[in-house]
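# Analysis of the macromolecular model
The chain contents come next:
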Amino acid sequence: MAVLSKIRQHSAIMIGVIALALFSFIIQDLFTKGNFGKSSKDVGSINGKDIAFEDFRIKVSNVEKSGQGVTSTEASKRVWDQEVTVALLSAEFDKLGLRVGEKHILDILKADQNIGKNPMFLNAAGMFDVAKFKEYFKSNPEQAQYLKDREKDAELNAKFQIYNTLVKSGIYTTESEGKFNYEMASNKVNFAYVAGLYSTIKDSDVKVTDAEIVDFMKLSPKKFKSEETRNVEYVLIEDKASVADENEIKSKINGLLSGSVVYNQATGKNDTLAGFRTTSNVIDFVNSNSDVPYDSTYVAKKDLPAVDADQLFNLAPGAVYGPYVYGKYYCISKSLGKKSGVNAKASHILISYEGTQVPNKKEKRTKEEAKAKAEAILAQVNANPDSFLMLAFTNSDDSSAQQGGDLGYFGPNQMVKPFNDFVFNNGIGKVGLVETPFGFHIIKITDKQDGIRLATVAQKIEASEATSDKAFTQATKFEMDAADKDFNKLAKEMKLTVTPGVSVKGMDENFGPLGNQRAIVRWAFEKDSKEGAVKRFEVANLGHVIAKVKTIDNSGLIPVDQARPYVESILKNKKKAELLKAKMNGSSLEAIAKATGSAVQQATNVTLENPVLTGGVGQEPKVVGNAFALAANKLSAPIEGVTGVYVVKNISAVKAPALKSYADQVARLKGQSASDVNRVLPALKEDADIKDNRKDFNY
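Predicted model, so just to flag it, every value in this text is computed and none were measured. (Residues numbered from 1 in each chain as written. Predicted model: local features only at pLDDT ≥ 70, side-chain atom pairs only at ≥ 80, totals over all residues. Heavy atoms only, no water.)

Moving on, we get to the overall build of the protein chain. Counting its regular elements, the protein chain contains 24 helices and 21 strands. For 699 residues, the compact-globule formula gives about 27 Å, and the C-alpha radius of gyration of the protein chain, at 37 Å, lies well above that figure. If you line up the protein chain on its principal axes, its C-alpha atoms span 115 × 85 × 70 Å. A total of 699 residues make up the protein chain; the buried ones form 37% of that total. Within the protein chain, contacts between residues at least 6 apart in sequence are counted, and of these 66% link residues at least 24 apart. Surface accessibility of the protein chain: about 40900 Å² in total, with carbon and sulfur atoms responsible for 52%. (Helix = DSSP H or I, 4+ residues; strand = E, 2+ residues; numbered from the N terminus. Rg over C-alpha atoms; globule rule 2.2 N^0.38 Å. Buried < 20%, exposed > 50% of the residue type's maximum accessible area, 1.4 Å probe, protein only. Contact = heavy atoms within 4.5 Å. Areas by Shrake-Rupley, 256 points an atom, 1.4 Å probe, with all protein chains shown as cover.)

Now for the sheet that holds strand β3 (residues 188-197). Spatially, 4 strands are ordered β16-β3-β20-β19 in an open sheet, and the strand pairing comes out antiparallel. Because the sheet does not close on itself, it has two edges, and the strands there are β16 (600-606) and β19 (639-640). Bridge count between β19 and strand β20 (residues 644-654): 2 bridges; the pairing is antiparallel. Bridge assignment links glutamate 640 to a residue of β20, and that residue is valine 645. (Pairing = 2+ DSSP bridges.)

Attention now moves to the packing of aromatic side chains. Under the criterion given, the structure shown has 23 aromatic pairs. Here the aromatic rings of phenylalanine 410 and phenylalanine 419 are separated by 6.3 Å at their centres, their planes lie at 65°, and the arrangement is edge-to-face. With a relative accessible area of 4%, phenylalanine 410 lands in the buried category. Note on phenylalanine 419: relative accessible area 3%, which makes it buried. Ring pairing ties together the aromatic residues Phe121, Phe128, Phe133, Tyr136 and Phe137, which thus form one cluster. Between lysine 334 and the ring centre of phenylalanine 276, over which it is positioned, the NZ or CZ distance is 5.4 Å. In this structure, lysine 338 packs its charged tip against the face of phenylalanine 313, placed 4.2 Å from the ring centre. (Phe/Tyr/Trp six-rings, centres within 6.5 Å; stacked < 30°, edge-to-face > 60°. Lys NZ or Arg CZ within 6 Å of the ring centre and 35° of its normal.)

Counting buried positions along strand β4 (residues 229-238) gives 8 out of 10 residues, so the element sits mostly inside the fold. In this structure, β4 lies alongside strand β13 (residues 498-505), joined through 6 bridges in antiparallel fashion. Within β13, the position partnered with threonine 229 by the bridge is lysine 505. Taken together, the 10 bridges between β4 and strand β15 (residues 543-553) define a ladder with antiparallel strand orientation. Each bridged residue has a counterpart across the sheet, and for threonine 229 the counterpart in β15 is aspartate 553.

The 4 strands lie next to each other as β13-β4-β15-β14, forming an open sheet whose pairing is antiparallel. Edge positions in the open sheet fall to β13 and β14 (534-539), since each of these has one partner strand only. On average, each strand axis in the sheet is inclined to that of its neighbour by 35°, with strand direction left out of account. Sheet contacts for helix α17 (residues 465-481): β4, β14 and β15; angle to β14, the most-contacted strand, approximately 160°. (Axes fitted to C-alpha atoms, helices over the stretch in contact; angles between N-to-C directions.)

Right, let's get into the environment of asparagine 510. Within the fold, asparagine 510 resides in the loop between β13 and α19 (518-524). A relative accessible area of 52% places asparagine 510 in the exposed class. Sequence separation between asparagine 510 and glutamate 368 is 142 residues, and the spatial gap between their C-alpha atoms is 54 Å. Each residue touching asparagine 510, except ones within four places of it in the same chain, is listed here: Val504, Gly515, Asn516 and Val521. At 3.3 Å, the side chain of asparagine 510 and the backbone nitrogen of asparagine 516 are in polar contact. (Polar contact = N/O pair within 3.5 Å; in protein donor to acceptor, adjacent residues only side chain to side chain.)

Helical periodicity: at 3.6 residues per turn, an α-helix aligns residues three or four positions apart in one direction. All of the buried residues in helix α16 (residues 417-424) are Phe419, Asn420, Phe422, Val423 and Phe424. Here the buried face of α16 lies against β9 (329-351), β10 (406-410), β11 (431-436) and β12 (439-460).

Turning next to the nonpolar core. In terms of nonpolar packing, the biggest core is built from 22 residues, with Val43, Phe56 and Tyr699 touching the most fellow members. At the level of secondary structure, the elements contributing two or more residues to this core comprise β1 (42-46), α3 (53-64) and α4 (72-96). Sequence-distant contacts of tyrosine 699, that is, excluding residues within four places in its chain, are made with Phe53, Phe56, Arg57, Val60, Ser72, Thr73, Ser76, Met507, Arg518, Arg522 and Arg694. Counting residues in hydrophobic clusters, the runner-up holds 17 residues, among them Val502, Trp523, Val539 and Ala547. (Core = buried A, V, L, I, M, F, W, Y, C linked by side-chain atoms within 4.5 Å.)

The final tally for this structure, using the stated rule, is 35 salt bridges. In this structure, aspartate 397 engages arginine 365 in a salt bridge whose closest nitrogen and oxygen atoms are separated by 2.8 Å. With aspartate 397 in the loop between α15 (388-395) and β10 and arginine 365 in the loop between β9 and α14 (367-383), this pair connects stretches of sequence that are 32 residues apart. Like aspartate 397, the residue arginine 365 is buried in the burial classification. Ionic pairing is found between lysine 367 and glutamate 435, a salt bridge with its closest N-O pair at 3.0 Å. Placement of lysine 367 in helix α14 and of glutamate 435 in strand β11 is noted, with a sequence separation of 68 residues between them. Note on lysine 367: relative accessible area 37%, which makes it partly exposed. Since its relative accessible area comes to 35%, glutamate 435 is described here as partly exposed. Through salt bridges with shared partners, a single ionic network connects Glu363, Arg365, Lys373 and Asp397. (Salt bridge = Lys/Arg side-chain N within 4 Å of Asp/Glu carboxyl O.)

With that out of the way, let us pick up a nonpolar patch on the surface. There is a patch of nonpolar side chains on the surface, built from Leu389, Met390 and Phe393 and spanning about 310 Å² of accessible area. With respect to the element layout, methionine 390 can be found in helix α15. (Patch = residues over 30% accessible without salt bridge, like charges linked within 9 Å, V, L, I, M, F, W, Y side chains within 5 Å.)

Per-chain confidence: the protein chain averages 89 in pLDDT, with 94% of residues scoring 70 or above. Throughout residues 1-39 the model reports pLDDT below 50, and contacts reaching past four residues in sequence, or to other chains, amount to 22 contacts. (pLDDT = per-residue confidence, 0-100.)

Before going further, it helps to examine the packing of helix α9 (residues 175-186) against helix α23 (residues 663-672). With their axes 8 Å apart at the nearest point, α9 and α23 run at an angle of 100° to one another. What the angle tells us is that α9 and α23 run roughly perpendicular. Of the residues in α23, those touching α9 at Glu175, Glu177, Gly178, Asn181 and Tyr182 are Gln665, Val666, Arg668 and Leu669. Residues belonging to the contact of α9 with α23 are distributed by class as follows: 3 nonpolar, 3 polar and 3 charged. (Parallel < 35°, antiparallel > 145°, perpendicular 65-115°, else oblique. Nonpolar A, V, L, I, M, F, W, Y, C, P; charged D, E, K, R; others polar.)

Attention now moves to unusual backbone geometry. Backbone torsion omega between glycine 322 and proline 323 reads 5°, so that peptide bond is classified as cis. With respect to the secondary-structure elements, proline 323 resides in strand β8 (residues 320-326). Unlike most non-glycine residues, asparagine 47 shows phi in positive territory, near 50°. Relative to the elements of secondary structure, asparagine 47 occurs in the loop between β1 and β2 (49-52).

The subject of this paragraph is the environment of proline 418. Note that proline 418 resides in helix α16. Taking the relative accessible area as the measure of exposure, proline 418 reaches 36% and is therefore partly exposed.

Time to look at the side chain of asparagine 420. Turning to its location among the elements, asparagine 420 is positioned in helix α16. For asparagine 420, a relative accessible area of 7% puts it in the buried group. Here asparagine 420 is in contact with Gly411, Pro412, Asn413, Gln414 and Met415, once residues within four sequence places are set aside.

This is the structure:
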């Protein structure tokens, strides 16, 4: 209503704007769909291979229909990742000339439970029968497309298994590598050194500019690779109830407590209507006057509004409490009585057996063995009730074992029937044994909660039409004025707060603290959304967001503000290193130490495998490596290390004795490289030319 009211107030202007927009749309349509222009039909490409939008759209639609509750953007991400993976790996398969035959494909298909264990395809011995499988699809040609699709996937899967095996076979460790690994761990060096630590120079004495950070990233563009980004700042004008609105709602709900007199047009007389306190049909009264329908559930005290829980729970039957605020509602409640034991708390020890659907059985056992064990544990608990917690921890097959079997509070019918009946038909402290489809349960009832049934009239605290109109007017004015005024100054004039830049990528859904606001992100990447572009968005249950594109980054590098925490310290240390080097002059360590105001220190029996310097310095592999490379009693040039600049003097190096075999070292290195096969796909993606146009197709 607020929007319609505003349109009526500015109808002449709006008609002109709409006419102009329609004209612009028609012209744009002519240019994009006629001979004047051409729009891309591809959602992207991988190494020059295009991905047609229509095929992509169908796959995204299928993911959305899968019942997993994913958004179209998330569905498009899943399909895109799959398309990239398949394209890159397929190209590798083709390069290697990989081929698979019918046997390979059948082996993959059989691994699918829906095929390999399908009774239609099994012989009398319960084994997969290829002849039956083929005959089924021959007799049911309408299923041929399903099989064709599955065979295509199976072919890719089979090729991948071969490819994976080839990669694993190509990863090996030589005897020389084993020897080198041994020497890194066993060769030792002793050296003296002088350290000029970076920490001796204040960070404030060295500055790092944004330009320097960008230049650093450009040296390793793959390391700092990023999609296009937009930095968007915004103002939020909430469409929420004013103090006057809240008072009006409170007054209205207060008025429901007592009876009222209304004129009856049919009879021409005044009728007296009962109020909440005196109504004879409280359920109808709630359903007629509340924004939340009547709920007959008995509620435990812990589940009542925290501030008002004591007053509500202790209401006498028929008594009324309120008005009070609960969340976004003003409420009045009437007690309809209490009930004991509405919730229960129990602990259990589950002893399952083969055939039950329990994933983490502690041991294999038959049903008879499980029953015997459960009865033995029950006897232990009855003999020593305090032993329940430890017995649950060591014996229970349920995940609650880690909590001593404690299941917390639960209501009626939340557990399987035998379990539920035992707990709700017995008192606190009762211990017993019941059987369910999960196995045998030794149950101990540890607590019960009483509950109260409340009839509650709840009316939502929301903005009135006048308040919404005011917010709309303010938001519209801000949007129009921001087109040619400074965004931040305007916000200050209108006493609004600007939320600083939110950095987003083209396929992001989340927009900073506002959460999922895909429409704002999509707008920020439209061709017309240049730097400085401003647009207002109506956000459900929140209000009006007036967004401004602050900066556009098409550099292909991550934003400077994201890189700074990592890069700044590196660049500052480089600048500090130059300052320290300038001081480190001298023909001896003692002279250098004097020039830098430090001391000569000793490093003893240091290895390349563990290049740690004592005194809190930490790992300095470059320093230790230089020490090994120096001739005895030779002085190094200044070395830029991790924590400072070092000058070292080799005192002695001790070479470890050669071994007859380095098999142990080779085996250890093989174990470390076992997961290297998982690095193949990320490496292919890093080197690939991938163009992602999804943002142009409203995903």
